[in-house]
Amino acid sequence: MINLIWAMDINHLIGQDNKIPWHYKEDLKYYKSITNNKRVIMGENTYYSLKSYYQNKALPYKTIYVASLNQLSFEDAILVPDIKIFLEKNQEELYVVGGKTIYNLALPYADRLYITLILKSFTGDTYFDKIDLSNFDLVSFKNSLELLFLVYERKKQL
Ligand SMILES: NC(=O)c1ccc[n+]([C@@H]2O[C@H](COP(=O)([O-])OP(=O)(O)OC[C@H]3O[C@@H](n4cnc5c(N)ncnc54)[C@H](OP(=O)(O)O)[C@@H]3O)[C@@H](O)[C@H]2O)c1
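All values derive from a computational prediction rather than experimental measurement. (Residues numbered from 1 in each chain as written. Predicted model: local features only at pLDDT ≥ 70, side-chain atom pairs only at ≥ 80, totals over all residues. Heavy atoms only, no water.)

K.L.:
Before we move on, can you summarise the site of the ligand with the specific residues and values?
P.N.:
Close to the ligand lie 28 residues, the nearest being Ala7, Asn45, Thr46, Gly99 and Thr101. Here a nitrogen atom of the ligand and a backbone polar atom of Ile14 are 3.0 Å apart. The side chain of Glu44 places a nitrogen or oxygen atom 3.1 Å from an oxygen atom of the ligand. For the ligand, the protein covers 81% of the area, taking 950 Å² as the surface of the free molecule. Mapped by element, the contributors of at least two residues to the shell around the ligand are β1 (2–9), β2 (13–15), α2 (44–54) and α4 (100–106). The residue makeup of the shell around the ligand, split by class, is 13 nonpolar, 11 polar and 4 charged. (Near = heavy atom within 4 Å. Polar contact = N/O pair within 3.5 Å; in protein donor to acceptor, adjacent residues only side chain to side chain. Areas by Shrake-Rupley, 256 points an atom, 1.4 Å probe, with all protein chains shown as cover. Helix = DSSP H or I, 4+ residues; strand = E, 2+ residues; numbered from the N terminus. Nonpolar A, V, L, I, M, F, W, Y, C, P; charged D, E, K, R; others polar.)

K.L.:
Describe in detail the side chain of Asp9, supporting the description with residues and values.
P.N.:
Among the structural elements, Asp9 can be located in strand β1. One buried charged residue, Asp9, forms no salt bridge at all, with the nearest opposite charge on Lys120 at 9.6 Å. A distance of 3.0 Å separates a polar side-chain atom of Asp9 from the backbone nitrogen of Leu13. Within polar-contact distance, the side chain of Asp9 engages the backbone nitrogen of Phe122 at 2.8 Å. (Buried < 20%, exposed > 50% of the residue type's maximum accessible area, 1.4 Å probe, protein only. Lys, Arg positive; Asp, Glu negative; His and termini not counted. Salt bridge = Lys/Arg side-chain N within 4 Å of Asp/Glu carboxyl O.)

K.L.:
Describe the pairing of strand β10 (residues 147–154), with residues and values.
P.N.:
Within β10, 6 of the 8 residues are buried, which leaves it mostly tucked inside the rest of the structure. Two strands pair when backbone bridges link them, and strand β7 (residues 112–118) and β10 are joined in this way by 7 bridges, in the antiparallel orientation. Its bridge partner lying in β10, Thr116 is registered against Phe149. The antiparallel pairing of strand β9 (residues 136–143) with β10 creates a hairpin that spans 3 residues between the two strands. (Pairing = 2+ DSSP bridges.)

K.L.:
Tell me about α2, residues and numbers included.
P.N.:
Residues spaced three or four apart along an α-helix point in a common direction, a consequence of the helix completing one turn every 3.6 residues. Within α2, the full set of buried residues consists of Glu44, Thr46, Tyr47, Ser49, Leu50, Lys51 and Tyr54. Buried residues along α2 sit in contact with α1 (25–35), β3 (39–43) and β4 (63–67). (Contact = heavy atoms within 4.5 Å.)

K.L.:
Go over the environment of Gln16, please, and point to the residues and values.
P.N.:
By the secondary structure assignment, Gln16 is in the loop between β2 and α1. A sequence separation of 68 residues divides Gln16 from Lys84, and the C-alpha atoms of the two residues are 26 Å apart. Those residues in contact with Gln16, other than ones at most four positions away along the chain, are Pro21, Thr123, Gly124 and Asp125. Within the local environment of Gln16, its side chain forms a polar contact with the backbone nitrogen of Asp125, the two atoms lying 3.5 Å apart.

K.L.:
Could you give me a rundown of the sheet that holds strand β5 (residues 78–80), with the residues and numbers involved?
P.N.:
By definition, the strands of a sheet pair up through backbone hydrogen bonds, in either a parallel or an antiparallel sense. Here 8 strands make up an open sheet; going across it, the order is β5-β4-β3-β6-β1-β7-β10-β9 and the pairing mixed. For this open sheet the edge positions go to β5 and β9, each flanked by a neighbour on one side alone. On average, each strand axis in the sheet is tilted by 25° relative to the strand beside it, whichever way the strands run. Contacting β1, β3, β6 (94–96), β7, β9 and β10, α1 crosses the sheet at an angle of about 30° to β10. Against the sheet, α2 touches β3 and β4, its axis set at about 110° to β3. (Axes fitted to C-alpha atoms, helices over the stretch in contact; angles between N-to-C directions.)

K.L.:
Describe the pattern of salt bridges, listing the residues and the values that go with them.
P.N.:
All chains considered together, the criterion is met by 5 salt bridges. The partner of Glu92 in a salt bridge is Arg39, and the shortest N-O contact between them spans 3.8 Å. Separated by 53 residues along the polypeptide, Glu92 in the loop between α3 (83–89) and β6 and Arg39 in strand β3 bring together distant segments of the chain. Residue classification places Glu92 among the partly exposed residues on the basis of a relative accessible area of 48%. For Glu153, the salt bridge is made with Arg112, and the minimal N-O distance between the two is 3.1 Å. Of this pair, Glu153 sits in strand β10 while Arg112 sits in strand β7, placing them 41 residues apart in sequence. On the accessibility criterion, Glu153 (25% relative accessible area) is partly exposed. Exposure remark for Arg112: the relative accessible area of 17% places this residue in the buried category. Overlapping salt bridges, with partners in common, bring together Lys51, Glu75 and Asp76 in one network.

It is worth stressing that arrangement in space is one thing and function is another; only the former is reported here.
Written out as structure tokens, the structure reads:
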């Protein structure tokens with residue numbers, strides 16, 4: 001099962017200077033409740049962004065895979081040099097946690113999407129590409145003041 005999870009504003013903005021452009025406690029709590037202690041994959045930029053956010057603390061995941069075309073090694077993560085091959089072979093539950101490049105590459109393999117839609121417009125430099133949700137069903141919907149928590153699942157092939 002491959003899950004993608006991200007938050008975006010009404011213009012599909014997801015990042016600013018390799019950081020998240022907003023701070024919503026409720027979304028952070030939601031994100032953590034889904035991803036904590038899970039097997040996750042992220043791109044190199046997102047990895048460095050999270051490392052700077054957590055500073056000296058360990059990232060709160062069971063297994064961390066970092067997708068990068070550069071030959072790198074990490075103290076707490078496993079390098080994935082080709083994310084497509086990795087996702088094709090994946091048999092276990094996996095959470096794709098960003099960023100833009102990696103969401104784009106992973107979307108064709110996604111079984112479930114956790115999208116937090118922020119009903120506001122922020123300033124930033126990184127946008128989620130246009131998403132075609134026609135192959136997905138909305139299976140869960142929760143809203144609070146400025147946030148919509150949407151869960152989509154890929155339609156079953158008949
Ligand atoms: N709002 C949210 O929920 C959310 C969540 C996470 C991240 N973000 C934001 O997303 C932004 C970062 O996105 P990004 O696109 O710059 O970086 P990224 O997706 O974190 O990382 C991209 C990395 O993937 C590598 N790559 C490209 N093709 C690959 C392949 N086929 N296999 C393996 N690795 C491959 C790239 O290598 P090369 O450098 O060699 O091309 C690059 O190192 C930041 O602003 C961050 O804050 C937002």
